[in-house]
Amino acid sequence: MVDYDPAIINKVFENTDPVEVKAEKIARFCASLGETNPLFTDPDAAKKGPYGGIVAPPSFAVTFRNGRHFFEHIPRFGRRGFDAGKDVEFVAPIRAGDKISLHSHVKEIYEKTGRTGTMVFVVIRSTLKNQKDEVVAHIDHRFMNRP
Amino acid sequence: MKKFEELTIGDTLGPLDLIVTKEQCRTYAKVSGFGDVAGRFTDDEAAKKEGLPGIILPGNMSLGLLSKLVTDWIGVSDARLVRMGTTYRVPVQPDHKLVLNGFLTNTNPTDRTAEIDVWMENEEGERLVTGTATVEFPK
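Residues numbered from 1 in each chain as written. Chains lettered and ligands numbered in written order. Predicted model: local features only at pLDDT ≥ 70, side-chain atom pairs only at ≥ 80, totals over all residues.

## A few points about the overall build of chain B
Then step 1. Helix and strand counts for chain B come out as three helices and five strands.
Then step 2. Helices and strands appear in chain B in the N-to-C order β-α-α-α-β-β-β-β.
Then step 3. A principal-axis box enclosing the C-alpha atoms of chain B has dimensions of 50 × 30 × 20 Å.
Then step 4. Going through the 139 residues of chain B one by one, you find that 37% of them count as buried.
Then step 5. Excluding contacts between residues fewer than 6 apart, the proportion of contacts in chain B whose partners are at least 24 apart in sequence is 63%. (Helix = DSSP H or I, 4+ residues; strand = E, 2+ residues; numbered from the N terminus. Buried ≥ 20, exposed ≤ 12 C-beta atoms within 10 Å, placed from the backbone. Contact = placed C-beta atoms within 7 Å.)

Here it is as structure tokens:
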């Protein structure tokens, strides 16, 4: 079994300063993905929609960066880990003017044996909150290590 | 407007043919703050030094494109993409044909959600990125 100190699980190691979401950044994000949905791109159409104005596409949530404490707090097993994937829970829409902060902890560590051998997965959960302290998203980063 | 009652297991999203330009890739990387830290998303020479064939898409950008496949399917509606999980299998290159696909695998009438498998293939049908999405319909 993979060996680690269980005390690291659930301990928040990163709280970033809030970053204000600019309308212009949402627009550039939409342009890079070829976004055409009026809920994300057209202020007039979006006003009549379910959110009462433009919101960012859900996946905008993954553009917020963790701070300098992030990588140094990811437990490593053996060779350098790599980004194996993400699971994102979109809780509430993000709008221009929101101030978003990230709060990160180690969610779980588990071992898996596949056709290429043993892998250790480290899951870091970053929770995104807005200026009203409401959770807008949970992002689980899955890092794979080969011991 | 898409209605929960009209969904059928086996409904498909796409296939959507797509070519992401290097410029789109660079814009995405810059908006995400990757521009100055990881040349592999913005600069062919830096990418080649890492053993890659040239610029590759950030994994997050693939997640974004697959999310867009789902939000395009939802359209202008108060149904909502509430979860997206992706696995990055093979690096994704700009200026190459990509095909996005989705397949409705389950519906849950109790919480009015639909589960969708999504994936991105190259021209050879190789799955580069796979994922699952959950869409919630208004109660």
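## A closer look at the interface of chain B and chain A
Then step 1. Between chain B and chain A, the residue contacts involve 25 residues of the former and 26 residues of the latter.
Then step 2. Going through the elements one at a time, helix 1 (22–31), helix 3 (59–74) and strand 2 (80–88) of chain B are the ones with two or more residues in the side of chain B that touches chain A.
Then step 3. Take the side of chain B that touches chain A: its biggest share by element is nine residues, from helix 3 of chain B.
Then step 4. Classifying every residue of the side of chain B that touches chain A gives nine nonpolar, 12 polar and four charged.
Then step 5. Across five bridges, the pairing between strand 3 (residues 82–90) of chain A and strand 2 of chain B is antiparallel. In the sheet register, Gly85 of chain A faces strand 2 of chain B, and the bridge partner there is Thr87 of chain B. (Nonpolar A, V, L, I, M, F, W, Y, C, P; charged D, E, K, R; others polar. Pairing = 2+ DSSP bridges.)

## What to know about the pairing of strand 3 of chain A
Then step 1. In the sheet, strand 3 of chain A pairs with strand 6 (residues 135–145) of chain A via eight bridges, with the strands oriented antiparallel. In the strand pairing of strand 6 of chain A, Phe82 of chain A is matched with Met144 of chain A.

## Side note on the environment of Pro15 of chain B
Residue and element names in this part refer to chain B.
Then step 1. Structurally, Pro15 is set in strand 1 (residues 12–19).
Then step 2. Sequence separation between Pro15 and Glu136 is 121 residues, and the spatial gap between their C-alpha atoms is 22 Å.
Then step 3. Sequence-distant contacts of Pro15, defined by excluding residues within four places in its chain, comprise Val99, Leu100 and Asn101.

## Side note on the nonpolar core
Then step 1. Formed by 58 residues in total, the largest nonpolar core has its most connected members in Ala61 of chain A together with Leu66 and Val70 of chain B.
Then step 2. When residues of this core are assigned to their parent elements, the largest contribution, seven residues, is made by helix 3 of chain B.
Then step 3. Looking at which domains feed residues into this core, each of domain 1 (1–20 + 57–139) and domain 2 (21–56) of chain B gives three or more.
Then step 4. Judged by nonpolar contacts, the second largest core, of five residues, contains Phe77, Val120, Val122 and Ile124 of chain A. (Core = buried A, V, L, I, M, F, W, Y, C linked by C-beta atoms within 7 Å. Domains from an automatic or database assignment.)

## Section: the domain arrangement of chain B
Residues and elements named next belong to chain B.
Then step 1. Assigned domains of chain B: these are domain 1 (1–20 + 57–139) and domain 2 (21–56).
Then step 2. On a C-alpha basis, the centres of domain 1 and domain 2 stand 24 Å from each other.
Then step 3. Listed by partner, the interface residues are 11 residues for domain 1 and 14 residues for domain 2.
Then step 4. Split by residue class, the side of domain 1 that touches domain 2 holds eight nonpolar, two polar and one charged.

## Looking at the confidence of the model for chain B
Then step 1. Per-chain confidence: chain B averages 94 in pLDDT, with 97% of residues scoring 70 or above.
Then step 2. Reported confidence for the predicted complex is 0.94 by ipTM and 0.93 by pTM. (pLDDT = per-residue confidence, 0-100.)

## Considerations on unusual backbone geometry
Then step 1. Each neighbour pair has its own omega, and for Gly14 of chain B with Pro15 of chain B the value is 0°, a cis peptide bond.
Then step 2. In this model, Asp133 of chain A sits at a positive phi of 65°, which is unusual for a non-glycine residue.
Then step 3. C-beta crowding within 10 Å serves as the criterion here: with 7 such atoms nearby, Asp133 of chain A is assigned to the exposed category.
Then step 4. Phi angles above zero are rare outside glycine, and Asp95 of chain B is one such case at about 60°.
Then step 5. Assignment of secondary structure puts Asp95 of chain B in the loop between strand 2 and strand 3 (97–108).
Then step 6. Owing to 11 C-beta atoms within 10 Å, Asp95 of chain B belongs among the exposed residues under this scheme.

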